[in-house]
Amino acid sequence: MPKLTRYIFVIILFLLLVAVRGFEDVLFYDPYLSFFKNDYLYIDHPRREIAKLVLNTTFRFALNTLISLGILYLVFNDKSIIKFSSLIYFVAYVGLLIPFLYFVINPRQEDYYLFFNIRRFLIQPIIFILLLPAFYYYKLNR
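Keep in mind that this is a model prediction, so the values were computed, not measured. Every residue gets a number counted from 1 within its own chain, in the order that chain's sequence is written. Residue-level local features of this predicted model are given only where pLDDT is at least 70; pairs of side-chain atoms are given and counted only at 80 or more, and the full residue set underlies all totals for whole chains, interfaces and linings. Working from all heavy atoms in the structure, the side-chain values ignore hydrogens and water.

A. View of the overall build of the protein. Each helix corresponds to a stretch of at least 4 residues labelled H or I by DSSP, and each strand to a stretch of at least 2 residues labelled E; elements are numbered beginning at the N terminus. Counting its secondary structure elements, the protein contains seven helices and zero strands. Order of helices (α) and strands (β) in the protein, N terminus to C terminus: α-α-α-α-α-α-α. Principal-axis analysis of the C-alpha atoms gives the protein an extent of 55 × 30 × 25 Å. Three exposure classes are used, based on accessible area relative to the maximum for each residue type with a 1.4 Å probe and protein chains only: buried under 20%, partly exposed in between, and exposed over 50%. By residue count, 38% of the 142 residues in the protein fall in the buried class. In what follows, a contact means two residues having at least one pair of non-hydrogen atoms within 4.5 Å. In the protein, once contacts between residues fewer than 6 apart in sequence are set aside, the share between residues at least 24 apart is 70%. Element-wise, carbon and sulfur atoms account for 69% of the exposed surface of the protein, whose accessible area totals about 9000 Å². Per-residue and other accessible areas were derived by the Shrake-Rupley procedure at a 1.4 Å probe size, with only the shown protein chains allowed to occlude residues.

This is how it looks when you write it as structure tokens:
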């Protein structure tokens, strides 16, 4: 694939990541979006449907993962990086979903900071932000 085409696709995929973030209120069910903006100071926890929340969080994680893997593939053009990244995403999903479920089912105010950060790893492309420079550094030193 020509470099210009790859750059255009990378820009489009980055814009998709921005769109997922920008339209999160419309696209996903997440009562914690408004809760962590200000409500956590005044109420114990928001009303939530646990199954719907977990499914929407999973969908958002999968969407961010697919877009991120697409960017990684276009930037590095290396299938082994994609396989390794997929493994990292899978382990991260399983490893983060367990405490996420615990905090959703057993909300306690003293756990909000930890819950907020675990949730952030699930709904935002933070893993991608860590992987992109890591693989760039790996490629430089190979």
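Additional details are given in the paragraphs that follow.
B. Geometry of the packing of aromatic side chains. Pairing of aromatic rings covers Phe, Tyr and Trp, the last counted by its six-membered ring, and requires centre-to-centre distances within 6.5 Å; plane angles under 30 degrees mean stacked, over 60 mean edge-to-face, and any other angle means tilted. A full pass over the atoms with the stated rule returns nine aromatic pairs. Grouping aromatic residues by their ring pairs yields a cluster made of Phe100, Tyr102, Phe103 and Phe115. Consider the ring centre and the ring normal. A charge sits over the ring if Lys NZ or Arg CZ is within 6 Å of that centre and within 35 degrees of that normal. Lying across the ring of tyrosine 29, lysine 52 places its NZ or CZ 4.7 Å from the centre.

C. Representation of the pattern of salt bridges. A pair is scored as a salt bridge if a Lys or Arg side-chain nitrogen falls within 4 Å of a carboxyl oxygen belonging to Asp or Glu. Counted according to the given criterion, the structure contains six salt bridges. Among the ionic pairs, aspartate 78 bridges to lysine 139, the shortest N-O distance being 3.3 Å. Of this pair, aspartate 78 sits in the loop between helix 4 (50-76) and helix 5 (79-105) while lysine 139 sits in helix 7 (residues 126-140); the two residues are 61 residues apart in sequence, bridging distant segments of the chain. Aspartate 111 is the partner of arginine 108 in a salt bridge, and the nearest nitrogen-oxygen pair spans 3.1 Å. Because the salt bridges share partners, they merge into one network encompassing Arg21, Glu24 and Arg60.

Keep in mind these values describe shape, not function.
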